[in-house]
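In case you want the letters, here they are:
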Amino acid sequence: MEFTVSQQDREWLEQTKEKLLCKLSAEVQRTGGKIVYIPKDGRYEDLATPTGVYWWCNGFWPGMLWQAYHASKDEAFRKAAETIEERLDQAFEGYEGLHHDVGFMYTLSALADYRLTKNKDSRRRALHAANLLAGRYNARAKFIRAWNGDRTGWTIADTMMNLPLLYWASRELGDPRFTYIAQDHADTCAKVTVREDGSSYHISILDPLTGEVVDRPSGQGYSPDSAWSRGQAWIVYGYALSFRHTGEKRYLDTAKKAAHYFIANLALTDWLPLCDFQAPEEPLIYDASAGACAACGLLELAEQAGEYEQALYQKAAWNILKAMEKKFCNWDCDADGILGYSSKAYHDQKERETSIIYGDYFFTEAILRLAGKAFPIW
Ligand code: GLY
């Protein structure tokens, strides 16, 4: 079955894209090279306290800026993105606050810059980040460890989105080591994180010598055995990207299985993503960022999968984005933040159903993907 876009949807997309670029232009005037996360009273504040520079989300604003620059060629976006990239060098200097999410941080900042402008300093930064990520690999248990401190055997769903940096480093250097590490991690994650029904655990603690699962503590979802929707989205998009970079069909199969679970659950809630698919009915907590990231993953899958699935993934992505645009978006150009209703974690009441920078990033990428204007950043 072929998926055709109606005239009405085409018009919606054109209007949404225009509103998006218009709002991003207003935001970049106010926000420029700030390091940002969640707007307070409609304004982004700079996060760069001594520890703020390490925050895992610091690539998302530059990632949006590079997407907007690619789509519009407006120099204001490029200049702000370059400022943030230079500021993130402080995190390399301090080092100890860095973590498994260096992929998010530097793929969306330095690597995006290098790909678009061939800036040699950006290449060096992206390679440095790839080496830091590879340095977290456990060669016995075959996974990339999450976080720092004494969490020696911890591995989480989120790390899948960091692997594209390693695939890129292998290609850039002509050195397969980075890809071996990424694939070992993807294989371990498929085994310990993705369940039979396509849902996923957030955290698995492995024996660092053998790779056996020793515990599954609570993460950002409702409970250890539930289905945290953003973790599920990381799995959908992460495996779709691993398939794109390696051509290994097992990654495509894992992405499809996780995508089918995501789509089936969103069909129950009018395409608006809950924070956890297995939480009690009350309170109803949304996480728009999960929908935005999954929409990108579904559009990626639509490019990779066969004809029947292509229509399924495209239609699901359009449904999610249209539903979220209607219910969750704030197009007031005088207020920072686009996609409301993102939630940091099920049990976190402070950063709940609000605009969070990663929700905005993935919404931007998804809309530009639909419009054929996205920069393939991963
Ligand atoms: N990587 C952490 C999160 O998804 O909130």
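In this text, all values refer to a predicted model and were calculated from it rather than measured experimentally. (Residues numbered from 1 in each chain as written. Predicted model: local features only at pLDDT ≥ 70, side-chain atom pairs only at ≥ 80, totals over all residues. Heavy atoms only, no water.)

All right, on to the nonpolar core then. Ranked by size, the top nonpolar core spans 130 residues in total, and within it Phe60, Leu166, Met324, Phe362, Phe363 and Trp378 carry the most contacts. For this core, the element with the highest residue contribution is helix α11 (residues 288-304), accounting for eleven residues. Those residues in contact with leucine 166 that lie beyond four places of it in its chain are Ala130, Leu133, Ala134, Ile144, Phe178, Thr179, Ile181 and Ala182. Within the second largest apolar cluster, five residues are counted, among which are Ala146, Trp154, Ile156 and Ile203. (Core = buried A, V, L, I, M, F, W, Y, C linked by side-chain atoms within 4.5 Å. Buried < 20%, exposed > 50% of the residue type's maximum accessible area, 1.4 Å probe, protein only. Helix = DSSP H or I, 4+ residues; strand = E, 2+ residues; numbered from the N terminus. Contact = heavy atoms within 4.5 Å.)

One way to put it is that helix α2 (residues 60-72) packs onto helix α3 (residues 75-87) with a least axis distance of 8 Å and a crossing angle of 155°. With respect to α3, the element α2 is oriented roughly antiparallel. As for how α2 packs across α3, the hand of that crossing is left-handed. Together, Trp61, Pro62, Leu65, Trp66, Ala68, Tyr69 and Ser72 of α2 and Glu75, Phe77, Arg78, Ala80, Ala81, Glu82, Ile84 and Glu85 of α3 make up the contact between the two elements. (Axes fitted to C-alpha atoms, helices over the stretch in contact; angles between N-to-C directions. Parallel < 35°, antiparallel > 145°, perpendicular 65-115°, else oblique. Left-handed = near helix turned anticlockwise from the far one by under 90°.)

The subject of this paragraph is the packing of helix α7 (residues 163-173) against helix α8 (residues 177-192). Contact geometry of α7 with α8 gives a least axis separation of 7 Å together with a crossing angle of 155°. Comparing their axes, α8 and α7 come out roughly antiparallel. Two packed elements cross with a definite hand, and for α7 against α8 that hand is left-handed. Contact residues: α7 offers Leu163, Leu166, Tyr167, Ala169, Ser170 and Leu173, while α8 offers Arg177, Phe178, Thr179, Ile181, Ala182, Gln183, His185 and Ala186. Residue composition of the contact of α7 with α8, grouped by class: nine nonpolar, four polar and one charged. (Nonpolar A, V, L, I, M, F, W, Y, C, P; charged D, E, K, R; others polar.)

Attention now goes to the side chain of aspartate 9. Within the secondary structure layout, aspartate 9 lies in helix α1 (residues 7-31). For aspartate 9, a relative accessible area of 14% gives the class buried. Residues in contact with aspartate 9, not counting those within four places in the same chain, are Trp318 and Lys322.

Looking now at the site of the ligand. Looking at the ligand, the residues that line it are Trp56, Asp101, Asp158, Gln220, Trp228, Arg230 and Trp234. The side chain of glutamine 220 places a nitrogen or oxygen atom 2.7 Å from an oxygen atom of the ligand. At 2.6 Å, a side-chain N or O of arginine 230 approaches an oxygen atom of the ligand. Look at the ligand: alone it shows 190 Å² of surface, and the protein chains cover 93% of it. Per-class residue counts for the shell around the ligand are three nonpolar, one polar and three charged. (Near = heavy atom within 4 Å. Polar contact = N/O pair within 3.5 Å; in protein donor to acceptor, adjacent residues only side chain to side chain. Areas by Shrake-Rupley, 256 points an atom, 1.4 Å probe, with all protein chains shown as cover.)

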